Amino acid sequence: MASRKTKTEAEALEMYRVSLDNAGTQPQIATIMAEFGYDAQTIARGKTLLNETRQTYAANKTEDDETSAAHATFTALRNQLEDTYSLHRKKAKVIFRNDPLILDKLLVAGSLPKAYVKWLETIRKFYSVTIADTELQGRLARLKIEPADLNAAQTLINSLEAARADYLREKGESQDYTKLKDDAFAKLDDWMRDFYSVAKIALSDRPQLLESLGKHVGQ
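None of the values given here were measured: they were computed from a predicted structure.

Novice: Would you mind going over the pattern of salt bridges with me for this structure?
Specialist: Tallied over the full model, the rule gives twelve salt bridges. With a closest N to O distance of 3.0 Å, Asp183 and Lys179 form a salt bridge. Of this pair, Asp183 and Lys179 are both found in helix α7 (residues 147–202), four residues apart, which corresponds to roughly one turn of the helix. On the accessibility criterion, Asp183 (36% relative accessible area) is partly exposed. Residue classification places Lys179 among the exposed residues on the basis of a relative accessible area of 52%. Overlapping salt bridges, with partners in common, bring together Glu14, Arg17, Asp21 and Lys47 in one network.

Here you go:
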C-alpha cells in the first residue's frame, strides 16, 4: 500500500473503502482475515470509522467552500469601498485644501491607515461627518459628490461590515470542522494501519489477494 502521506484525503478514503469492501466480500480474504481477528464485525467497525470520517470530510469541504465564497464577497465590497472613498478623498482634499481644520475633521489630511480597523474607521468618519453636515455637502457638490453618493458609501460600509462578520464566522466554523476532520482521519488512519499490518502477515503467501487490499508485492 502506498503511504497515506503520499495520498490526498479523498484518495485515502477511496483506498480504505476498497480495502474494507474487498476484505468483507471476497470469500478467501474474508476467511483468512477472520482467522487473524478481522471478522465481519471487526470489519464493520472499520467501515463505521470510514463513514464517520467521510462525513466530517464532506462537511469540512462544504465549510471551506462557504468560507471562500464569504471571503470573495468581503473582498469585492472592500475593493468597491476603497475605490469609492479614494475618489471622494481626492476631491475633498482639493475642495478643502485651504481649510486645514476641515481636512483634519474629515481625517483626510494625513496618510490613510493600512490596518483594516483603522482604515475603516477613517472612512467611516469621513462619511458620518459629511452626511451630518449640509454645508459640507454643498461644497462637495462642486466636484459632483452628491448626498446620494455619500449615503451610498455609508450603505457600502454597512454591507462590508456584515460581509466581514459573515466571513469571520464561516472561517471559524471551517477551522472547527477541520479539527473534527483531522481527528477523524487520525483515528481511521491508525485503525487502517493495524489492518494493513495484519493483512500483510495473513496474506503473505497470497500476494494477489494482498493486492486486492492495496498492498503490492514487495511492500
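Novice: Mind showing me how you'd approach unusual backbone geometry here?
Specialist: Outside of glycine, negative phi angles account for most residues, and trans bonds account for most peptide bonds. Within the chain, Leu107 stands out as a residue other than glycine whose phi angle is a positive 60 degrees. Mapping Leu107 onto the fold places it in the loop between α4 (100–105) and α5 (116–132). Judged by its relative accessible area of 35%, Leu107 is partly exposed. The phi dihedral of Lys144 is positive, around 60 degrees, even though this residue is not glycine. Turning to its location among the elements, Lys144 is positioned in the loop between α6 (134–140) and α7.

Novice: Looking at this model, I keep getting lost on the side chain of Gln137. Mind explaining?
Specialist: One can find Gln137 in helix α6. Each residue touching Gln137, except ones within four places of it in the same chain, is listed here: Thr130, Ile131, Ala132, Ile145, Pro147 and Leu150.

Novice: Got a minute to help me understand a negative patch on the surface in this structure?
Specialist: Together, Asp65, Glu66, Glu173 and Asp176 make up a region of like negative charge exposed at the surface. Looking at the negative patch, the elements with two or more residues in it are α3 (40–95) and α7. Note that Asp65 resides in helix α3. Residue classification places Asp65 among the exposed positions, given a relative accessible area of 53%.

Novice: Looking at this model, I keep getting lost on the packing of helix α1 (residues 9–25) against helix α2 (residues 27–35). Mind explaining?
Specialist: Helix-helix packing is described using two parameters, namely the angle between the two axes and the distance between the axes. Where α1 meets α2, the axes come as close as 5 Å, and the angle between the chain directions of the two elements is 90 degrees. When the axes of α1 and α2 are compared, the pair comes out roughly perpendicular. Facing α1, whose interface residues are Asn22, Ala23, Gly24 and Thr25, α2 presents Pro27, Ile29 and Ala30. In terms of residue class, the contact of α1 with α2 is made up of four nonpolar, three polar and no charged.

Novice: It is not clear to me how α5 should be interpreted in this structure. Could you clarify?
Specialist: In an α-helix, one full turn covers 3.6 residues, which means residues spaced three or four apart are oriented alike. Over its 17 residues, α5 runs 24 Å from end to end, which matches the ideal 24 Å to within 8%, given 1.5 Å per residue. Taken as a whole, α5 has its buried residues at Tyr116, Trp119, Leu120, Thr122, Ile123, Phe126, Tyr127, Val129 and Thr130. Looking at the buried residues of α5, the elements they touch are α3, α4, α6 and α7.

Novice: Please explain the side chain of Asp189 as it appears in this structure.
Specialist: The residue Asp189 is located in helix α7 in this model. Of note is the side chain of Asp189, whose polar atom sits 2.7 Å from the side chain of Tyr16.

Reading guide: rules and limits
- Residues numbered from 1 in each chain as written.
- Predicted model: local features only at pLDDT ≥ 70, side-chain atom pairs only at ≥ 80, totals over all residues.
- Heavy atoms only, no water.
- Salt bridge = Lys/Arg side-chain N within 4 Å of Asp/Glu carboxyl O.
- Helix = DSSP H or I, 4+ residues; strand = E, 2+ residues; numbered from the N terminus.
- Buried < 20%, exposed > 50% of the residue type's maximum accessible area, 1.4 Å probe, protein only.
- Contact = heavy atoms within 4.5 Å.
- Patch = residues over 30% accessible without salt bridge, like charges linked within 9 Å, V, L, I, M, F, W, Y side chains within 5 Å.
- Areas by Shrake-Rupley, 256 points an atom, 1.4 Å probe, with all protein chains shown as cover.
- Lys, Arg positive; Asp, Glu negative; His and termini not counted.
- Charge placed at Lys NZ, Arg CZ, Asp CG, Glu CD.
- Axes fitted to C-alpha atoms, helices over the stretch in contact; angles between N-to-C directions.
- Parallel < 35°, antiparallel > 145°, perpendicular 65-115°, else oblique.
- Nonpolar A, V, L, I, M, F, W, Y, C, P; charged D, E, K, R; others polar.
- Expected span 1.5 Å × (residues − 1).
- Polar contact = N/O pair within 3.5 Å; in protein donor to acceptor, adjacent residues only side chain to side chain.

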